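Listed below, chain by chain, are the residues.
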Amino acid sequence: NAGVTQTPKFRILKIGQSMTLQCAQDMNHNYMYWYRQDPGMGLKLIYYSVGAGITDKGEVPNGYNVSRSTTEDFPLRLELAAPSQTSVYFCASSDFRGYNEQFFGPGTRLTVL
Amino acid sequence: EDQVTQSPEALRLQEGESSSLNCSYTVSGLRGLFWYRQDPGKGPEFLFTLYSAGEEKEKERLKATLTKKESFLHITAPKPEDSATYLCAVLLGGSNYKLTFGKGTLLTVNP
């Protein structure tokens, strides 16, 4: 099993551009999450999904959108990128029990200039 | 107001020098407390889950304990490869899946 995979690993965007961060898991997990991690700060939940077709906002959803059309994939869309979105983004997944451990991907480092 | 506070922010140890990291939380109705390890440039890696006060779990040189207000991650005779950021997260009451993370403790173990 590859676990949780994320693409790209690095990306530089100009202000106002848009992009999609890809996330996939092959563990048949129902729950998937997107976090951002800023230097010296804890992980902040952006969006989460409890299954295909079901998503909800986390702590810091502004400027982001998500969709979940399959169990495996959970892309994060950035519209009109802003410097405040410069961060490292992590995708994670967990099984149907949810409160068990979350498995994290390797992250995407995004810089908005 | 931070619900999860980790201390110290950074800790430097000599190889073999045991110590503890602290994670305190102010939330009520805790359903679980999680410890993760994060190496530079990588995603967090799960270490332990603790569900009730008095519970302890061990893995190699690490032991995690939980009280009603805080958790400790004890590191016994650390090695340089234990150097990493250790993250604590709590699962709040009413949720099965939404974790709230602390800012982490950066541990450096010198040979």
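Up top is the structure these notes are about.
For clarity, every value in this text was computed on a predicted model and none was experimentally measured.

Points about the layout of surface pockets
A probe as big as a water molecule, rolled over the atoms, marks out the empty space that is left. As a volume, the largest pocket reaches approximately 730 Å³. Residue lining of the largest pocket: 33 residues in total, with Gln-37, Asp-38, Pro-39 and Gly-40 of chain A together with Gln-38 of chain B positioned closest to the centre. At the level of secondary structure, the elements contributing two or more residues to the lining of the largest pocket comprise strand E9 (87-94) and strand E11 (108-112) of chain A together with strand E1 (4-7), strand E9 (84-91) and strand E11 (105-110) of chain B. Looking at which element gives the most residues to the lining of the largest pocket, the answer is E11 of chain A, with 4 residues. A breakdown of the residues in the lining of the largest pocket according to their chemical character gives 11 nonpolar, 14 polar and 8 charged.

Describing the interface of chain B and chain A
Taken together, the contact between chain B and chain A spans 19 residues of the former and 21 residues of the latter. Both faces considered, chain B and chain A share a buried interface measuring about 1600 Å² in area, 60% of it formed by carbon and sulfur atoms. The tally of links between chain B and chain A comes to 0 salt bridges. For the side of chain B that touches chain A, the secondary-structure elements that each account for two or more residues are strand E4 (32-38), E9 and strand E10 (99-101) of chain B. With 3 residues, the top contributor of residues to the side of chain B that touches chain A is E4 of chain B. Residue classes in the side of chain B that touches chain A are distributed as 10 nonpolar, 5 polar and 4 charged.

Rules used throughout
- Residues numbered from 1 in each chain as written.
- Chains lettered and ligands numbered in written order.
- Predicted model: local features only at pLDDT ≥ 70, side-chain atom pairs only at ≥ 80, totals over all residues.
- Heavy atoms only, no water.
- 1 Å grid on protein atoms, 1.4 Å probe; cavity = no way out; pocket = protein on both sides within 12 Å on 5 of 7 lines; lining within 4 Å.
- Points joined across faces, edges and corners; volume = space filled by probe spheres on them.
- Helix = DSSP H or I, 4+ residues; strand = E, 2+ residues; numbered from the N terminus.
- Nonpolar A, V, L, I, M, F, W, Y, C, P; charged D, E, K, R; others polar.
- Contact = heavy atoms within 4.5 Å.
- Buried area = accessible area lost by both parts, 1.4 Å probe.
- Salt bridge = Lys/Arg side-chain N within 4 Å of Asp/Glu carboxyl O.

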